[in-house]
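Fold and geometry: a report
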Amino acid sequence: CSGAYLKPGDTCTLSFTFNPDATGGLQTYGWVGPAQGPVANFTLGGTGSNGTPTLTMSPSTVDFNNLDLGIGSSIPFTVTNNGAASTGPIKILVNPTTAFQIANDTCSSMTLGKLGQCTFSLVFAPQTIGIASATITAQSALGLVARSSAVGVGQDRVQLTVQFAGAGGGSVTGQGLNCLSGSTCNIGVVRTDPSSLPSLNLSALANTASRFSGWGGPCSGTGICSIVMDASKTVTATFDAVPVQVP
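Residues numbered from 1 in each chain as written. Predicted model: local features only at pLDDT ≥ 70, side-chain atom pairs only at ≥ 80, totals over all residues. Heavy atoms only, no water.

**Some points on the sheet that holds strand E11 (residues 170–174)**
Definition in use: Paired strands are those between which DSSP finds at least two bridges. Strands here are runs of E lasting at least two residues and helices are runs of H or I lasting at least four, both read from the DSSP assignment and numbered beginning at the N terminus. To get an axis, fit a line to the C-alpha atoms, keeping to the stretch in contact for a helix; angles then go from 0 to 180 degrees between the N-to-C directions.
The four strands are arranged E12-E11-E14-E16 in an open sheet whose pairing can be described as antiparallel. The open sheet is flanked by strand E12 (177–180) and strand E16 (225–228), the only strands paired with a single partner. Taking the axes of each pair of neighbouring strands and ignoring which way they run, one obtains an average angle of 20° across the sheet. Relative to strand E14 (residues 199–206), E11 runs antiparallel, the two being bridged by four bridges. In the sheet register, glycine 170 faces E14, and the bridge partner there is alanine 206.

**Quick notes on the environment of lysine 91**
Put simply, the test is: The contact definition used throughout considers only heavy atoms, calling two residues in contact when any of these lie within 4.5 Å.
Along the chain, lysine 91 turns up in strand E6 (residues 90–95). A C-alpha to C-alpha distance of 14 Å links lysine 91 and serine 148, two positions 57 residues apart in sequence. The residues contacting lysine 91, other than those within four sequence positions of it, are Ser108, Thr137, Ala138 and Gln139.

**With respect to the layout of surface pockets**
Where empty space is left becomes clear once a probe the size of a water molecule has been rolled over the atoms. As a reminder, the rule being used: In this analysis the probe radius is 1.4 Å and the grid spacing 1 Å, with only protein atoms considered; a cavity is a set of points the probe fits into but cannot get out of, a pocket is an open set with protein on both sides within 12 Å along at least five of seven lines, and lining residues have an atom within 4 Å of a point. Grid points are joined across faces, edges and corners, and a volume is the space filled by probe spheres set on the points. In this classification, the charged set is Asp, Glu, Lys and Arg, the nonpolar set is Ala, Val, Leu, Ile, Met, Phe, Trp, Tyr, Cys and Pro, and all remaining amino acids, among them Gly, are polar.
Estimates place the volume of the largest pocket at around 350 Å³. Considering the residues around the largest pocket, the lining is formed by 13 residues, among which Cys1, Ala4, Leu6, Val32 and Gly33 are closest to the centre. When its residues are assigned to classes, the lining of the largest pocket shows 10 nonpolar, three polar and no charged.

**With respect to the environment of cysteine 1**
Operational definition: Exposure is judged per residue with a 1.4 Å probe applied to protein chains only, and the accessible area is read against the type maximum: over 50% gives exposed, under 20% gives buried, and values in between give partly exposed.
In this structure, cysteine 1 sits in the segment before strand E1 (24–32). Assessed through its relative accessible area of 30%, cysteine 1 is described here as partly exposed. Between the C-alpha atom of cysteine 1 and that of valine 62, which follows or precedes it by 61 residues, the distance is 53 Å. Other than its neighbours up to four places away in sequence, cysteine 1 contacts Cys12, Thr13 and Leu14.

**Digging into the state of the cysteines**
Test applied: Here, the term disulfide refers to a pair of cysteine sulfur atoms separated by no more than 2.5 Å.
This model, assessed by the stated rule, comprises three disulfides. The disulfide partner of cysteine 107 is cysteine 118, and the S-S distance across this bridge is 2.1 Å. The disulfide joining cysteine 107 to cysteine 118 has a torsion of about 105° about its S-S bond and is therefore right-handed. One end of the pair, cysteine 107, is in the loop between strand E7 (100–103) and strand E8 (117–124); the other, cysteine 118, is in strand E8, with 11 residues separating them in the sequence. The class of cysteine 107 is buried, set by a relative accessible area of 0%. The disulfide partner of cysteine 219 is cysteine 225, and the gap between their sulfur atoms is 2.0 Å. Taking the sign of the S-S torsion, about 75° here, the bridge from cysteine 219 to cysteine 225 comes out right-handed. When sorted by exposure, cysteine 219 lands in the same class as cysteine 225, which is buried.

**A few points about the confidence of the model for the protein**
Rules: Values of pLDDT, the confidence the predictor places in each residue, fall between 0 and 100.
Overall, the prediction assigns the protein a mean pLDDT of 91, with 94% of residues at 70 or greater. Highest mean pLDDT in the protein belongs to E8 (98); lowest belongs to E1 (74).

**So, the pairing of E11**
Pairing of E11 with E12 involves four bridges; the strand directions are antiparallel. Within the sheet, the bridge partner assigned to serine 171 lies in E12 and is leucine 180. Where E11 folds back onto E12 in an antiparallel hairpin, the turn is made up of two residues, including glycine 176, whose phi is positive at roughly 70°.

**Remarks on the pattern of salt bridges**
To keep things clear, this is the line we draw: The term salt bridge refers to a pairing of a side-chain nitrogen on Lys or Arg with a carboxyl oxygen on Asp or Glu at a separation within 4 Å.
One pass over the full model with this rule turns up three salt bridges. Here aspartate 68 ties to arginine 157 by a salt bridge, and the two come within 2.7 Å at their closest N and O atoms. Of this pair, aspartate 68 sits in strand E4 (residues 61–68) while arginine 157 sits in strand E10 (residues 145–165), placing them 89 residues apart in sequence. Between arginine 191 and aspartate 156 there is a salt bridge, with its nearest N and O atoms 2.8 Å apart. Residue arginine 191 is found in strand E13 (residues 185–191), and its partner aspartate 156 is found in strand E10; the two are separated by 35 residues along the sequence.

**Looking at the packing of aromatic side chains**
Given two aromatic rings, one states the distance between the centres and the angle between the planes to describe the pair. Selection rule: Any pair of Phe, Tyr and Trp rings, taking the six-membered ring for Trp, is counted once the centres come within 6.5 Å. Such a pair is stacked with planes under 30 degrees apart, edge-to-face with planes over 60 apart, and tilted for the rest.
Tallied over the entire structure, the rule returns seven aromatic pairs. A ring pair is formed by phenylalanine 64 and phenylalanine 100, whose centres lie 6.1 Å apart and whose planes are at 55°; its orientation type is tilted. Placement of the pair is phenylalanine 64 in strand E4 and phenylalanine 100 in strand E7, with a sequence separation of 36 residues. When sorted by exposure, phenylalanine 64 lands in the same class as phenylalanine 100, which is buried. Seen from their ring centres, phenylalanine 77 and phenylalanine 120 are 5.2 Å apart, and the 5° between their planes marks the pair as stacked. Of the two residues, phenylalanine 77 sits in strand E5 (residues 73–81) while phenylalanine 120 sits in strand E8, which places them 43 residues apart along the sequence. Across the pair, exposure class does not vary: phenylalanine 77 and phenylalanine 120 are buried alike. One aromatic cluster is present, built from ring pairs that chain together Phe164, Phe212, Trp215 and Phe239.

In structure tokens, the structure reads:
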């Protein structure tokens, strides 16, 4: 309306923003009209309050992926009060605590004011193989709650050793394995699921003038050697020399 010239019957619109800086009833007065002449008076009022605190936590979910047993990895979190009032003292909880721990916690016992923030880290240090999950909770004395979730996989490695015996020669092959007689082969096997342990199927092939005489260790006979890797294991392949017939 400021600067506008209104003819009889014309209108203009005024908008006001109420942004209280104190609590309780607040009131102000104003007028609108020409610099000289009649004016229209008006009254504006509202009530200021402390508002309501609101807690949020980010990130809302995290995945640590696969991690070796005994190795720790951390991810930072931020807790924010998006409300206009204080939160009261905060505490950070994680459940379960078998593989997850809270570290570098600046939130516990802190009261967050308007738009205030605090941080902490979640550490994943698996003690057993398999999937682990947890719920992280930020909780204030006023009953405010914010939650995030975390997941990770504990893994370890066991070793399969292939040895050779006998006077002959040959090879042993399997998943990711190609061993030749005359040396010892080792292969690391990653385990991530205790209910479904990895297994290896080994085959033996004799060289010319040799024969495969059988397996030793967790396998026997001369067929396919199937090994469930519930621990580190050693298998022996025996190749004997075949006498060469001279005409």
